[in-house]
Amino acid sequence: MSQGSLNEGSLNEGRLNNGGPSVHASAVKVGSSAVLIRGPSGAGKSRLAFDLIMAGRSGVVESSVLVGDDRVHLATVGQEIEVRPVPVLAGLIEIRGLGIRCCDFVEHATVGLVVDLDAEDAERLPPPESLKTTIFGVEIPRIPVGRGYSPLPLVVAALTTTKS
């Protein structure tokens, strides 16, 4: 399976309650849609989530609020993917050096962008096919970020500019 694809067969993490599958990811609602942040442990998912919240507070991007950190539920709603926090983690975010902190959050949002941290297919000029992913049959824009690169400028660019 490629990094840019997620289907039910790849969700070996199971289903929790009736919230859809729980996946190892973080999500932040920026404006009207969510940025879903995926990557291995230690890749910086929580850091990017907090950076996006701070970017929203400072006006760099639209108003931003946490959906969930570390684990979130994904579900198909029509032709969209909805993300929700895992209830026991709702309103909590890890801030490296401070620990687990309370944070404002929303109960759900529609995923509008996927960011894959430590992506093996990250390139300076990525081919168009690497800039999209499919989750449960729904195609969503994607940013592959290579190890060692700061994801925030790429995400801000994706949210505030248009393709040429």
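Here, the structure is the one placed above.
To keep things clear, this report deals only with the structure shown in the data block. (Residues numbered from 1 in each chain as written. Predicted model: local features only at pLDDT ≥ 70, side-chain atom pairs only at ≥ 80, totals over all residues. Heavy atoms only, no water.)

## Observations concerning the nonpolar core
Right, on to step 1. If you look at the biggest cluster of nonpolar residues, it comprises 21 residues, and the most contacted ones within it are Val-35, Ile-37, Leu-48, Leu-52, Ile-93, Val-115 and Val-155.
Right, on to step 2. Residue assignment for this core shows that the elements contributing at least two residues are β2 (22–30), β3 (33–38), α1 (45–57), β7 (92–95), β9 (109–117), β11 (138–145) and α2 (151–160).
Right, on to step 3. In terms of residue count, the dominant contributor to this core is α1 (five residues).
Right, on to step 4. Those residues in contact with Ile-37 that lie beyond four places of it in its chain are Ala-25, Ser-26, Lys-45, Leu-48, Ala-49, Leu-52, Val-115 and Leu-117.
Right, on to step 5. Counting residues in hydrophobic clusters, the runner-up holds 17 residues, among them Ala-27, Val-72, Leu-74 and Ala-109. (Core = buried A, V, L, I, M, F, W, Y, C linked by side-chain atoms within 4.5 Å. Buried < 20%, exposed > 50% of the residue type's maximum accessible area, 1.4 Å probe, protein only. Helix = DSSP H or I, 4+ residues; strand = E, 2+ residues; numbered from the N terminus. Contact = heavy atoms within 4.5 Å.)

## Concerning the pattern of salt bridges
Right, on to step 1. Counted by the stated rule, this structure contains six salt bridges.
Right, on to step 2. The partner of Arg-142 in a salt bridge is Asp-116, and the shortest N-O contact between them spans 2.5 Å. Remark: Asp-116 occurs in strand β9 and Arg-142 occurs in strand β11; sequence separation between them is 26 residues.
Right, on to step 3. Note that Asp-121 is salt-bridged to Arg-142, the shortest N-O span being 2.8 Å. Here Asp-121 is found in the loop between β9 and β10 (132–135), whereas its partner Arg-142 is found in strand β11, with 21 residues between them in sequence.
Right, on to step 4. By relative accessible area, Asp-121 is classed as partly exposed at 25%.
Right, on to step 5. The exposure class of Arg-142 is buried, given its relative accessible area of 2%.
Right, on to step 6. Each of Arg-38, Asp-116, Asp-121 and Arg-142 takes part in one network of salt bridges that share partners. (Salt bridge = Lys/Arg side-chain N within 4 Å of Asp/Glu carboxyl O.)

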